[in-house]
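# Understanding the architecture of this molecule
So the chains spell out like this:
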Amino acid sequence: TYKCVCALVKRVGKGMAVEEEGVRVRRLTAEKMTAAEARERRKVPKLRGMVRENARREWVGYALEKCDPECKQFADCAKRTGLLVVVQCRAEKNVMNDCLKQYTTEQRHHEIKRKFAEQHPEAVIEWLDEDKVPKSL
């Protein structure tokens, strides 16, 4: 396996390294770049596992916290009207969605991910250009 690993490293090229537990390859650039440098270069971290989920929860949680009165108005309307919620509570839903849109911007999501990357550098898979980040990340 040693020869196989060496051949893999040669094929992959610069900026890559082989992890000890097998022939999986990871980017070294993720560990070298700090969150401040990433912000300057307009880079966004691709995070792994629970760190990614925690960043998403903070992003959504902040919006829900800021829009709590609007969310409560919609919930109260939904409780009063029952099955007619789609028709009867349209105005409350629109107000709630407009408020949530203010706080769930992609820019805010990128800021939170950079903050989590600074706190957990081991969870960064790679840094992506801000304008090339897929919506699912």
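Below you will find a few notes about this structure. The model shown is predicted, which means the values in this text are computed figures rather than measured ones. (Residues numbered from 1 in each chain as written. Predicted model: local features only at pLDDT ≥ 70, side-chain atom pairs only at ≥ 80, totals over all residues. Heavy atoms only, no water.)

Time to look at the pattern of salt bridges. Summed over all chains, the structure comprises two salt bridges. K115 serves as the salt-bridge partner of E58, at 2.6 Å between the closest nitrogen and oxygen. Taken together, the residues E58 in helix 4 (residues 49-66) and K115 in helix 8 (residues 106-119) connect sequence positions 57 residues apart. Residue D68 pairs with K72 through a salt bridge whose shortest N-O separation is 3.4 Å. Here D68 and its partner K72 are both found in helix 5 (residues 68-81), four residues apart, which amounts to about one turn of the helix. (Salt bridge = Lys/Arg side-chain N within 4 Å of Asp/Glu carboxyl O. Helix = DSSP H or I, 4+ residues; strand = E, 2+ residues; numbered from the N terminus.)

Turning next to the nonpolar core. L47, V51, A55, W59, I112, F116, A117, A123, V124 and W127 form the largest nonpolar core, which has ten residues in total. If you list the elements that add at least two residues to this core, you get helix 4, helix 8 and strand 4 (124-129). Grouped together as the second largest cluster of nonpolar side chains are six residues, C67, M96, C99 and L100 included. (Core = buried A, V, L, I, M, F, W, Y, C linked by side-chain atoms within 4.5 Å. Buried < 20%, exposed > 50% of the residue type's maximum accessible area, 1.4 Å probe, protein only.)

Before going further, it helps to examine the state of the cysteines. Using the criterion set out here, one finds two disulfides in the structure. One disulfide in the model links C67 with C99; its S-S distance is 2.0 Å. On the sign convention where negative is left-handed, the bridge of C67 and C99, at about -95 degrees about the S-S bond, is left-handed. Here the residue C67 occupies a position in the loop between helix 4 and helix 5, and C99 occupies one in helix 7 (residues 90-103), the gap between them amounting to 32 residues. Exposure class is identical for C67 and C99. Each is buried. Across a sulfur-sulfur distance of 1.9 Å, C77 and C89 are joined as a disulfide pair. (Disulfide = S-S within 2.5 Å.)

For the structure on display, the rule yields one aromatic pair. Here Y62 and Y103 contribute two aromatic rings whose centre-to-centre distance is 5.9 Å and whose plane-to-plane angle is 80 degrees, an arrangement assigned as edge-to-face. Linking Y62 in helix 4 with Y103 in helix 7, this pair joins segments that are 41 residues apart in sequence. (Phe/Tyr/Trp six-rings, centres within 6.5 Å; stacked < 30°, edge-to-face > 60°.)

This paragraph deals with helix 7. With 14 residues, helix 7 extends 21 Å from end C-alpha to end C-alpha; this agrees with the ideal 20 Å at 1.5 Å per step. All of the buried residues in helix 7 are M96, C99 and L100. Down the axis of helix 7, the buried set is contained in an arc of 100 degrees. They therefore lie on one face. More than 90 degrees from the buried face of helix 7, the exposed residues found are A91, K101 and Q102. Where helix 7 is buried, its residues contact helix 4 and helix 5. (Expected span 1.5 Å × (residues − 1). Arc of directions from axis to C-beta. Contact = heavy atoms within 4.5 Å.)

This part is about the pairing of strand 3 (residues 43-47). The buried fraction of strand 3 amounts to four of the five residues, a majority that puts the element mostly inside the structure. Across five bridges, the pairing between strand 3 and strand 4 is antiparallel. Bridge assignment links P45 to a residue of strand 4, and that residue is W127. (Pairing = 2+ DSSP bridges.)

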